[in-house]
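Examination of the molecular architecture
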Amino acid sequence: MTVENLSEVLEVRRNKLKKLQAEGKNPFEQTSYDVSVHAKTVEEAFETYEEQPVSMAGRIMSKRGQGKVSFYDLQDSTGRIQLFLKKDALPDQYDEIKTYDIGDIVGIKGEVFKTHMGQISVRVKELTLLSKSLQILPEKYHGLKDMDLRYRQRYVDLIVNPEVKEVFLKRSLIMKKIREFFDTHDFIEVETPVLSNLAGGANARPFGTHHNALDIPLYLRIALELPLKRLIVGGFDKVYEVSRVFRNEGMDATHNPEFTLLESYEAYANYEDVMEMVEELYSFLAKEVNGSEIVAYGEEEISLAIPFRKARMVDLVKEYAKVDFDAITDVEVAKSAAKELHVDVKDKNSVGEIMTEVFDEYVEDKLIQPIFVTMHPVETSPLAKKDPKDPRYTERFELYINGAECANAFSELNDPIDQKERFMSQVQKKTDGDEEAHPFDADFINALEVGLPPTGGLGIGIDRLMMLFTNQHSIRDVILFPTMKPIE
RNA sequence: GCUCCUUUAGCUCAGUUGGCUAGAGCACCUGACUCUUAAUCAGGGUGUCCAGGGUUCGAAUCCCUGAAGGGGCACCA
């Protein structure tokens, strides 16, 4: 840091620090502090701790002075507790302690008691400044409201907005429960490369980077799918991975450029088996995390009780848009039907893609309660097995809750010849300018030639799942450090 | 990408029709106070009014350009 033009309030704090350091009391020299109990524990079991000695540490969040007696609120990782500071009990320290600021981190020793007003407090006998805060925390009553600042300085957001911390504590619990679910279902958790020569397994533009030693381009993965299926080929029957993927596209309330994806693959299972597992997972999480199968989300009450509704995509389109795509085999007929519905399908040239477009426009946002949408057109499902009864469709489902896609699963395509043809048609799309089409992955074809057992695969956008269970309406509120434009 | 709104003290916000030295609460500084809890009382304003141009005797305010954020639309799973 060079010479800064500091405002007076900041200058005051630096001067306080310099004074302490000049007196040989450098607060940044502290390396540890013995913490015997946390605020929440004392609050919940006051009788146990009453008049017992405690040693605690945390941040000063407010000060109420009254001459030779002061009340400070100490905030630790679990909550707040009031400190009772009396000059008689701290004869040498009291005057200096009064100069400590909101934001400073202190350690205290004393006894738990209740004030005349019935407030649980610690009668402080010894107080140590463990770290001096040189910045001013936001105002105690209104807090930090500026969304930009809250994301950029999440550490401040977490200090002054306790409900934000709750969301991320819950996120951690949900992650644990998800792992518990897959572990108890005999899946093994694996890790596959983030960097690869080909970014496949989904329709999305990848982020590119460069490896210096090999002098080759590398891409950040956009999905976990292809390496995981190679592991099924290799003989692991049940695998899952929960990890970050990266997609180089726009950002909004439900899209962050990096997000957490869960994918699982189970040999000798089809998409209907996966469907049952997904129902079980959501209902398990609801019960474990929220204590009820009814989850409140905004104005809605979502019931995650088993079973969820199931419907073919074609039938939902028929129900909401009054068009029966089952009866349409000609692209031009499909196009004029879409035009009638005011759906733009200029760059689409298959019945399946057009139906999907109509679905997105007319059906998607109406699917509030959980529903498995099944049988997606083969054109939009390049990695899924065709339905043997009607090869226009695939053995696939997407779970919709609250009008948003929450899970995507299918009976994995394991016919290497068919897979090769579908890759070829994706490559054609890419040449035609679709930057999100899948690349040709020759090694993956080789793996299928070696032999992939019948397999049911699943993908769940974990951040959107977190939004549902924590009742948050922006993906940025369930990601600790969402992607931000740099300042300047 | 389009569009509407916002940007003033560390934080939350006022600021009239363009008019004296730019305001309030919290925070902070000085002092008083031995059970307060959005403590109270007395005194103190600590500011690149988002940035850069322009109009004007005079701009936080009006005009232009740009930046950042939020909402809506589009794109996108």
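Residues numbered from 1 in each chain as written. Chains lettered and ligands numbered in written order. Predicted model: local features only at pLDDT ≥ 70, side-chain atom pairs only at ≥ 80, totals over all residues. Heavy atoms only, no water.

1. Digging into the UniProt feature "binding site: Mg(2+) 2" (unreviewed entry) in chain A
Spelled out, the test is: UniProt positions are given in the numbering used here, feature names are shortened, and annotations may be inferred rather than shown by experiment. Runs of H or I in DSSP of at least four residues are treated as helices and runs of E of at least two as strands, each being numbered from the N terminus. With a 1.4 Å probe rolled over the protein chains alone, any residue whose accessible area is under 20% of its type maximum counts as buried; one over 50% counts as exposed, and the rest are partly exposed. The contact criterion used throughout is that any non-hydrogen atoms of two residues lie within 4.5 Å.
Here, UniProt's "binding site: Mg(2+) 2" (unreviewed entry) annotation points to E405. Assignment of secondary structure puts E405 in strand β19 (residues 404-411). When its relative accessible area of 28% is taken as the criterion, E405 is described as partly exposed. Excluding anything up to four places from it in sequence, E405 contacts E398, L399, Y400 and R464.

2. Digging into the pattern of salt bridges
This is how the line gets drawn: Salt-bridge detection follows one rule: a side-chain nitrogen of Lys or Arg within 4 Å of a carboxyl oxygen of Asp or Glu.
Applying the stated criterion across every chain yields a total of 40 salt bridges. Note that R152 is salt-bridged to D148, the shortest N-O span being 2.9 Å. Taken together, the residues R152 and D148, both in helix α5 (residues 147-152) and 4 residues apart, mark about one turn of the helix. E279 serves as the salt-bridge partner of K310, at 3.2 Å between the closest nitrogen and oxygen. Note that K310 is positioned in strand β14 (residues 309-312) and E279 in helix α9 (residues 271-290), a separation of 31 residues in sequence.

3. Brief notes about a negative patch on the surface
Using the following cut-off: For patch detection, residues must exceed 30% relative accessible area and be free of salt bridges, and they are connected within 9 Å for like charges or within 5 Å for nonpolar side chains (Val, Leu, Ile, Met, Phe, Trp, Tyr). Residue burial considers only the protein chains on display, and all accessible areas are found by Shrake-Rupley using a 1.4 Å probe. Charge assignment in this entry is limited to Lys and Arg as positive and Asp and Glu as negative, and neither His nor the chain termini are counted. Just so you know, the charge point we use is NZ for Lys, CZ for Arg, CG for Asp and CD for Glu.
Taken together, E272, D273, E276 and E280 make up a surface patch of like negative charges. Structurally, E280 is set in helix α9. A relative accessible area of 36% places E280 in the partly exposed class.

4. Observations concerning the protein's contact with RNA strand B
The criterion, for reference: Proximity is defined per residue: if any heavy atom of the residue lies within 4 Å of a molecule or strand, that residue is considered near it. Whenever a nitrogen or oxygen atom comes within 3.5 Å of another N or O atom, the pair is scored as a polar contact, on the condition that within protein one atom can donate a hydrogen and the other can accept it, and that pairs from neighbouring residues in sequence are kept only if both atoms are in side chains.
Taken together, 49 residues surround RNA strand B, and among them K16, G65, K140, R247 and E405 come closest. In the environment of RNA strand B, a base nitrogen lies 2.9 Å from a nitrogen or oxygen atom belonging to the side chain of Q82. In the model, a phosphate oxygen of RNA strand B is placed 3.1 Å from a nitrogen or oxygen of the D146 main chain. Those elements that place two or more of their residues in the surface near RNA strand B are α1 (8-22), β1 (53-66), β2 (69-75), β3 (80-86), α5 and β18 (396-401). At 4 residues, α1 tops the list of elements feeding residues into the surface near RNA strand B.

5. Things to note about the domain arrangement of chain A
Selection criterion: Segment limits for the domains were obtained from an automatic or database-derived domain assignment.
In terms of domain boundaries, chain A breaks down into domain 1 (3-137) and domain 2 (162-308 + 369-477). Just the C-alpha atoms count here: the centres of domain 1 and domain 2 sit 48 Å apart.

6. Thoughts on the confidence of the model for chain A
Our working definition: Note: pLDDT gives the predictor's confidence per residue, expressed from 0 to 100.
Here chain A averages 90 in pLDDT, while 98% of its residues score no lower than 70. In the predicted assembly, ipTM is 0.85 and pTM is 0.91.

7. Overview of the sheet that holds strand β9 (residues 216-220)
Here is the rule: The rule for pairing is simple: two strands pair if DSSP sees at least two bridges between them.
One open sheet accounts for 3 strands, arranged β7-β9-β8; its pairing is antiparallel. Two strands bound the open sheet, and with one partner strand each, they are β7 (195-196) and β8 (208-211). Where β7 meets β9, 2 bridges bridge the pair, whose relative direction is antiparallel. Residue pairing for β9: S196 is matched across the bridge by Y219.

8. Points about the packing of helix α7 (residues 162-184) against α9
Inclusion rule: Helix axes are fitted only over the stretch in contact, all axes being lines through C-alpha atoms; the angle between N-to-C directions runs from 0 to 180 degrees. In these notes the angle categories are as follows: under 35 degrees is roughly parallel, over 145 is roughly antiparallel, 65 to 115 is roughly perpendicular, and the rest is oblique. Each crossing gets its hand from how the near helix is turned against the far one by less than a right angle, where anticlockwise is left-handed and clockwise is right-handed. Under the convention adopted here, Pro, Cys and the residues Ala, Val, Leu, Ile, Met, Phe, Trp and Tyr are nonpolar, Asp, Glu, Lys and Arg are charged, and Gly plus all remaining residues are polar.
Packing of α7 against α9 brings their axes to within 10 Å, and their N-to-C directions diverge by 140°. What the angle tells us is that α7 and α9 run oblique. Seen along the crossing, α7 lies across α9 with a hand that is right-handed. Residues K170, L173, I174, K177, I178, E180, F181 and F182 of α7 touch α9, and the partners they reach there are M277, E280, L281, F284, L285, E288, V289 and N290. The class makeup of the residues in the contact of α7 with α9 is 10 nonpolar, 1 polar and 5 charged.

9. A look at the UniProt feature "binding site: Mg(2+) 1" (unreviewed entry) in chain A
What UniProt calls "binding site: Mg(2+) 1" (unreviewed entry) maps, in this numbering, to E398 and E405. Within the secondary structure layout, E398 lies in strand β18. Excluding residues that lie within four positions of it along the chain, E398 makes contacts with I371, F372, V373, H376, E405, A407 and N408. Within the local environment of E398, its side chain forms a polar contact with the side chain of H376, the two groups lying 2.9 Å apart.

10. Examining the nonpolar core
Rules: Grouping buried Ala, Val, Leu, Ile, Met, Phe, Trp, Tyr and Cys residues that are joined through side-chain atoms within 4.5 Å yields what is termed a nonpolar core.
Ranked by internal contacts, the top residues of the largest apolar core, which has 73 residues, are F182, Y282, F325, L458 and F469. Broken down by element, the residue count for this core peaks at 11 residues, all from α9. If we skip the residues at most four places from it in the chain, F182 touches F187, Y240, L262, S264, M277, L281 and L458. In this structure, F46, I81, L85 and V122 belong to the second largest nonpolar core, which totals 25 residues.

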